Amino acid sequence: MATLKEILTRRPVAATIRLTVPAGGARPAPPVGPALGQYRLNLMAFCKDFNARTQKYKPDTPMSVTITAFKDNTFEFTVKSPSATWYLKKAAGIESGSGRPGHVEASTVTLKHVYEIAKVKQSDPYCQYMSLESICKSIIGTANTMGIKVVKDLD
C-alpha cells in the first residue's frame, strides 16, 4: 500500500514508450527522434544517457528500452539486455531461425551457451528474482521454437 507522501509526490505519466535501439547508437534521428519528440522530451539528454549506459555492449547490439514520459516533460528509462533470440542466433552463428522448427534444424548450441545467456539475462529487471535454472529452461524453450537444437556438448 502506498503512503500518502508517495501518492502526493507521484508525477502524472504522459506515456510509456518502448523502443529497440542499437547500443551506443542513440541519435535524435528516427526511430528515437519522432518517438520522444511527440511528448516534448529532451532528445539529446536521452541520447547521451542511453549511450553512456550502453557503452559496455558491442556497437549495434539491439537494446530494448522502456521510457516513461511524464507530463512535466521529464522522463525515466530502463535498459534491458538484448533478447534471448538475439543471443541464441549469435551463439549458433545464424542469421535467422528455422522456417519449420521441430522439422528442420537450423543449428545447435551447447548447454554452456544457454547457461552464459541465462547469466546475462539474470541482470534484467524482469528476471532478477528468477532462478538461473528457470531462466535456462526458458532459453531452451526459445531455442526449440527457433529450430535450434540444444546439446550437452558439441561433437
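Quick note: structure is the one above.
In what follows, the accompanying structure is described. Owing to the predicted nature of the structure, the values given are computational and were not obtained by experimental measurement. Each chain carries its own residue numbering, running from 1 in the written order of its sequence. Local features in a predicted model are, by the rule used here, given only for residues with pLDDT of at least 70; side-chain atom pairs are given and counted only at 80 or more, and totals for whole chains, interfaces and linings are based on all residues. No hydrogens and no water enter the side-chain calculation; it runs on all heavy atoms of the structure.

## Things to note about the environment of Glu116
Step number 1: By the criteria applied, helices consist of DSSP H or I runs no shorter than four residues and strands consist of E runs no shorter than two, each listed in order from the N terminus. Locating Glu116 in the fold gives a position in helix H5 (residues 111–121).
Step number 2: What makes Glu116 partly exposed here is its relative accessible area of 38%. Type-normalised accessible area, obtained with a 1.4 Å probe on protein chains alone, sets the label of each residue: buried when under 20%, exposed when over 50%, and partly exposed for intermediate values.

## Observations regarding unusual backbone geometry
Step number 1: A cis amide bond links Pro30 to the next residue, Pro31, at an omega of 5°.
Step number 2: Assignment of secondary structure puts Pro31 in the loop between strand S1 (13–22) and helix H2 (32–37).
Step number 3: A positive phi angle, near 55°, is found at Arg40, a position not held by glycine.
Step number 4: By the element assignment, Arg40 lies in the loop between H2 and helix H3 (43–53).
Step number 5: With relative accessibility at 67%, the residue Arg40 sits in the exposed group.
Step number 6: Not every positive phi belongs to a glycine, and Asn73 is a case in point at roughly 65°.
Step number 7: Here Asn73 is to be found in the loop between strand S2 (62–70) and strand S3 (75–80).
Step number 8: On the basis of relative accessible area, Asn73 is assigned to the partly exposed category, the value being 38%.

## Structural notes on the sheet that holds S1
Step number 1: For two strands to be treated as a pair, DSSP must find no fewer than two bridges joining them. Reading across from one edge, S1-S2-S3 is the order of the three strands in this open sheet, with antiparallel pairing throughout. What marks the edges here is a single partner per strand, and that holds for S1 and S3. Direction aside, neighbouring strands of the sheet carry axes that sit 20° apart on average.
Step number 2: Here S1 runs beside S2; their pairing, made up of nine bridges, is antiparallel. Across the sheet, the residue bridging to Ala15 is Ala69, located in S2.
Step number 3: Against the sheet, H3 touches S1, S2 and S3, its axis set at about 30° to S3. Each axis is a line fitted through C-alpha atoms, and for a helix only the stretch in contact is used; angles between axes span 0 to 180 degrees, taken between their N-to-C directions. In what follows, a contact means two residues having at least one pair of non-hydrogen atoms within 4.5 Å.

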